[in-house]
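Here are the chains, one letter per residue:
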Amino acid sequence: MSNTREFAAMPDAQGFFGPYGGQYVPPELKQAMDDINRAYEEIRQRADFQEELASLFADYVGRPSPIFHARRLSSQLGGAQIHLKREDLNHTGAHKINHCLGEALLAKFMGKQKVIAETGAGQHGVALATACALVGIPCEIHMGQVDIEKEHPNVTKMKILGCKLVPVTRGAATLKEAVDSAFEEYLKDPHNYIYAIGSVVGPHPFPKMVRDFQAIIGNEAREQFLSRHGRLPDYVSACVGGGSNAMGMFTAFLADEAVNLVGVEPAGEGLEREGRHSATLSKGKPGQLHGMACYVLEDAQGQPAAVHSIASGLDYPGVGPQHSYLKDIGRVSYQTATDQECLEAFMTLSRVEGIIPALESAHVVAWAMRVAPSLPADQHILVNLSGRGDKDADYVANLLGL
Ligand SMILES: *Cc1c(COP(=O)(O)O)cnc(C)c1O
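Residues numbered from 1 in each chain as written. Predicted model: local features only at pLDDT ≥ 70, side-chain atom pairs only at ≥ 80, totals over all residues. Heavy atoms only, no water.

Student: Could you give an account of the domain arrangement of the protein chain, naming the residues involved and the relevant values?
Tutor: By the assigned domains, the protein chain splits into domain 1 (16-57 + 96-211) and domain 2 (64-93 + 216-400). One C-alpha centre belongs to domain 1, the other to domain 2, and the line joining them spans 22 Å. On the side of domain 2, 40 residues touch domain 1, which itself brings 37 residues to the contact. Between the two partners, domain 1 and domain 2, sit zero salt bridges. Counting across the interface, domain 1 meets domain 2 through eleven residue pairs in polar contact (both at pLDDT 80 or more). Elements with a contribution of two residues or more to the side of domain 1 that touches domain 2: β2 (20-21), α5 (97-109), α6 (123-135), α7 (145-150), α9 (175-187) and α10 (206-214). (Domains from an automatic or database assignment. Contact = heavy atoms within 4.5 Å. Salt bridge = Lys/Arg side-chain N within 4 Å of Asp/Glu carboxyl O. Polar contact = N/O pair within 3.5 Å; in protein donor to acceptor, adjacent residues only side chain to side chain. Helix = DSSP H or I, 4+ residues; strand = E, 2+ residues; numbered from the N terminus.)

In structure tokens form, the structure reads like this:
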């Protein structure tokens, strides 16, 4: 079924990708979501908005991000060629700035008084606080206490950038609780506030809007790869937490049927250890979470399960609705990498190529390192290196006793 026109039309007017997505929210929030959708549909058609975004991508983020052929890594592995799309080189160190700039500009256009969001690893928080500082709009970030302790440099940056940081201590005090807390604040005044979701998740129109802002990654990469190699890569891969860097990379390649798309989820301490991974598509089932229908990891009581990953940005018991759909139709293959494999990839990429990846991104590097040796040397794997590992350096050094 995977023809270009069908993919380009997704989601439908109600925000559905097949059975996934939609707006499972209370009526007062539905109104606010519809307002955001209308404003977004208006702004995206406007030449002045597209020009402003394009010039910020170029002069502020530093786009286009290059593609680097990891020659030493590829030859050590002795198989397919590995290429890295360098989102780690973006201002603020990851892909998230792409959609944060879009969301901040939209907030300004809509005359909102405050931008509210959650953050896991702190990457979304830093990127959003950055975009809000640039645009000149107040910003409030909710973050789990566990993540606050783990991601100290990002916490400091958010404070410097002038956002209000709200620590969340309930439950496991990680990403899911931060989402709940931020949502409660937003519900106090959805007319004057805007919730800037950090991935391709949540109620319509966020999965669509965040994907569209991130699609620059794959659009650039497809053109860069074609012009350098005269052909498309055999594999295009990305790590999947909520799924924004992966959708940003995959969207341009969805209609290229010869291109294998691979999403890599965190297997944590092992897929068989309930509560100790967050491989939602690999181990979850269709359900609802945070205003959308999607694959969900649930516990025995039918509540969102406890999740774990060594990468704070990946530990979420849901996943974007479009990924849920792409899994069902088989267009994307979803694989996993464990904490251990992630650490090995983190160290290998650092020492063989001089690139310290984010722990999130190290999951897809781990997958590429696993499959490359079994593929011929004239095959190409394009890896989305979603972010840099500065934020993880102390944590890994402590863990490995360096
Ligand atoms: C947040 C983050 C992720 C996970 O989010 P997605 O929405 O799945 O992309 C991946 N990599 C980095 C570097 C991140 O900061």
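Student: Would you mind going over the pairing of strand β5 (residues 114-119) in detail, with residue names and values included?
Tutor: Counting buried residues along β5, six of its six residues qualify, which places the element largely inside the surrounding structure. The alternating pattern of β5 places Lys114, Ile116 and Glu118 on one face and Val115, Ala117 and Thr119 on the opposite face, and all of these are buried. Sheet topology note: the β5/strand β8 (residues 193-195) ladder contains three bridges and is parallel. Residue pairing in the sheet places Ile116 in a bridge with Tyr195 of β8. (Buried < 20%, exposed > 50% of the residue type's maximum accessible area, 1.4 Å probe, protein only. Pairing = 2+ DSSP bridges.)

Student: Can you explain the packing of α6 against helix α8 (residues 152-160)? Please cite residues and give values.
Tutor: Put simply, α6 and α8 touch, their axes get as near as 9 Å, and they point 20 degrees apart. Between α6 and α8, the crossing angle belongs to the class labelled roughly parallel. Both α6 and α8 take part in a crossing whose hand is left-handed. Across the interface between the two elements, Gln123, Gly125 and Val126 from α6 touch Asn154, Lys157 and Met158 from α8. (Axes fitted to C-alpha atoms, helices over the stretch in contact; angles between N-to-C directions. Parallel < 35°, antiparallel > 145°, perpendicular 65-115°, else oblique. Left-handed = near helix turned anticlockwise from the far one by under 90°.)

Student: Got a sec to walk through the environment of Lys391? Specific residues and values, please.
Tutor: Inspection of the secondary structure puts Lys391 in the loop between β14 (380-385) and α17 (393-400). Separated by 2.7 Å, the side chains of Lys391 and Asp392 make a polar contact.

Student: Outline the sheet that holds strand β7 (residues 164-168), listing residues and values.
Tutor: With respect to topology, four strands assemble into an open sheet ordered β7-β6-β5-β8, the strand pairing being parallel. Here the strands that pair on one side only, and so sit at the sheet edges, are β7 and β8. Strand after strand, the sheet turns through a mean of 20 degrees between neighbouring axes, direction not considered.

Student: Go over a nonpolar patch on the surface with me, naming the residues and quoting the values.
Tutor: A cluster of nonpolar residues, Leu399, Leu400 and Leu402, forms a patch on the protein surface that exposes about 290 Å² of accessible area. Tracing the sequence through the fold places Leu400 in helix α17. By relative accessible area, which is 36% here, Leu400 ends up partly exposed. (Patch = residues over 30% accessible without salt bridge, like charges linked within 9 Å, V, L, I, M, F, W, Y side chains within 5 Å. Areas by Shrake-Rupley, 256 points an atom, 1.4 Å probe, with all protein chains shown as cover.)

Student: Any details on the site of the ligand? Residues and values, ideally.
Tutor: In the vicinity of the ligand lie 18 residues, with Lys96, Ser199, Gly243, Ser244 and Ser386 positioned nearest. Taking Gly242, its main chain carries an N or O atom lying 3.2 Å from an oxygen atom of the ligand. Here the ligand, which alone exposes 380 Å², has 98% of that area covered by the protein. Taken together, the residues that form the shell around the ligand break down as five nonpolar, eleven polar and two charged. Viewed by domain, the shell around the ligand spans two of them, domain 1 (16-57 + 96-211) and domain 2 (64-93 + 216-400), each represented by three or more residues. (Near = heavy atom within 4 Å. Nonpolar A, V, L, I, M, F, W, Y, C, P; charged D, E, K, R; others polar.)

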